[in-house]
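Residues per chain are reported as follows:
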Amino acid sequence: QVTNPPIDPIRESIVMSLATGVGSESNLLDETPEHAHQLVMDQPILLNDELETLRHVSSDIFRAHTIDITWPVDEGPEGMTGRLALVCDEAHDAVTAGVNVIILSDRRTGPGRAPIPSLLAVAAVHHHLVRLGNRLSAGLVLESGEPREVHHFATLIGYGASAINPYLLLDTVDELVAEGRIPGVDDAAAGKANIVKALGKGLLKTISKMGISTIQSYCGAQ
């Protein structure tokens, strides 16, 4: 779904969509009931409780698995290289075992553990699964404190993430609202809804400049 010249995402909003899905994708040239096995979301930015719902989804169709993308600081730069290779292997093993929602998480970040840059982790797992021929068997979700502006989200989606939970950004909004530093907003839920809406509008503007009308066409397209 690409046009030339670019789309105006506001005037042509009827063809624009932020809807995204996670799960296994079947053969694009075929049509079966299994093609409908997707968890569909209105937009790719997940609140913390939405991610937890996804992480603990319980059904015969969906299985989620969380992979830690941090490594011990005392191992130095080599530690990151080694951990990245293990993350890729763990993702492949999970998909082989029937997992179809892979969550890459840097929640363990702390004084003793450093996070692999989120874009590097997403890209590495995406390409590793592409090389092994099972990328379409699972959707990639990122849980990270790193993304905080539209460009970050756009690049992460472009490199394969179907959905992103920017927990530090959301926690920051909570704190700003609690301190009364956002004019006209005194409810944390409203503050987070505003920032998710703003990010969504930014993503629509970004993809429309390339003539892309749906975020699914942008996901993994680099």
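Residues numbered from 1 in each chain as written. Predicted model: local features only at pLDDT ≥ 70, side-chain atom pairs only at ≥ 80, totals over all residues. Heavy atoms only, no water.

1. A few points about helix 4 (residues 150-158)
Listed in full, the buried residues belonging to helix 4 are H152, F153, A154, L156, I157 and G158. On its buried side, helix 4 packs onto helix 3 (118-132), strand 7 (139-143), strand 8 (161-165), helix 5 (167-178), helix 6 (188-208) and helix 7 (215-218). Looking one or two residues past helix 4, G160 carries a phi angle of roughly 125 degrees, positive in sign. (Buried < 20%, exposed > 50% of the residue type's maximum accessible area, 1.4 Å probe, protein only. Helix = DSSP H or I, 4+ residues; strand = E, 2+ residues; numbered from the N terminus. Contact = heavy atoms within 4.5 Å.)

2. Looking at the sheet that holds strand 3 (residues 64-68)
Read from one edge to the other, the open sheet built from four strands follows the order 3-5-7-8, with strand pairing classed as parallel. Every interior strand has two partners, whereas the edge strands, strand 3 and strand 8, have only one. Sheet twist, expressed as the average angle between the axes of neighbouring strands with direction ignored, equals 25 degrees. Pairing between strand 7 and strand 8: four bridges, direction parallel. Within strand 8, the residue paired with E143 across the bridge is N165. (Pairing = 2+ DSSP bridges. Axes fitted to C-alpha atoms, helices over the stretch in contact; angles between N-to-C directions.)

3. Concerning the side chain of Q43
Along the chain, Q43 falls in the loop between strand 2 (39-41) and helix 1 (48-55). Within polar-contact distance, the side chain of Q43 engages the backbone nitrogen of I45 at 2.7 Å. Other than its neighbours up to four places away in sequence, Q43 contacts L18, T20 and V196. (Polar contact = N/O pair within 3.5 Å; in protein donor to acceptor, adjacent residues only side chain to side chain.)

4. Here we look at the nonpolar core
In this structure, I102, L104, V125 and L203 are the most contacted members of the largest nonpolar core, which totals 41 residues. The set of elements that each furnish at least two residues to this core consists of helix 2 (76-96), strand 5 (101-105), helix 3, strand 7, helix 4, strand 8, helix 6 and helix 7. At six residues, helix 2 tops the list of elements feeding residues into this core. Excluding its chain neighbours within four sequence positions, the residues that come into contact with L203 are L18, P44, I45, V150, F153, A154, I157 and I215. V22, L51, I103 and A163 belong to the second largest nonpolar core, which has nine residues in total. (Core = buried A, V, L, I, M, F, W, Y, C linked by side-chain atoms within 4.5 Å.)

5. Let's talk about the packing of helix 5 against helix 6
Where helix 5 meets helix 6, the closest approach of the two axes is 9 Å, and the angle between their N-to-C directions is 135 degrees. With respect to their mutual orientation, helix 5 and helix 6 come out oblique. As helix 5 runs across helix 6, the sense of the crossing is right-handed. Contact with helix 5, carried on its side by L169, L170, V173, D174 and V177, involves A188, G191, K192, I195 and L199 of helix 6 and no other residues of that element. Taken together, the residues of the contact of helix 5 with helix 6 sort by class into seven nonpolar, one polar and two charged. (Parallel < 35°, antiparallel > 145°, perpendicular 65-115°, else oblique. Left-handed = near helix turned anticlockwise from the far one by under 90°. Nonpolar A, V, L, I, M, F, W, Y, C, P; charged D, E, K, R; others polar.)

6. Some thoughts on unusual backbone geometry
Glycine aside, a negative phi is what most residues show, and trans is what most peptide bonds show. For Q222, which is not glycine, the phi torsion reads 55 degrees and is therefore positive. Along the chain, Q222 turns up in the segment after helix 7.

7. As for the pattern of salt bridges
Within the structure shown, the criterion is met by nine salt bridges. Among the ionic pairs, R108 bridges to D68, the shortest N-O distance being 3.2 Å. Pair noted here: R108 is in the loop between strand 5 and strand 6 (113-115) and D68 is in strand 3, with a separation of 40 residues, a long-range link. Between R113 and D68 there is a salt bridge, with the nearest N and O atoms lying 3.2 Å from each other. Taken as a pair, R113 in strand 6 and D68 in strand 3 lie far apart in primary sequence, 45 residues in all. Take D68: its relative accessible area is 15%, and that puts it in the buried class. Through salt bridges that share partners, E52, R55, R107 and E143 make up one connected network. (Salt bridge = Lys/Arg side-chain N within 4 Å of Asp/Glu carboxyl O.)

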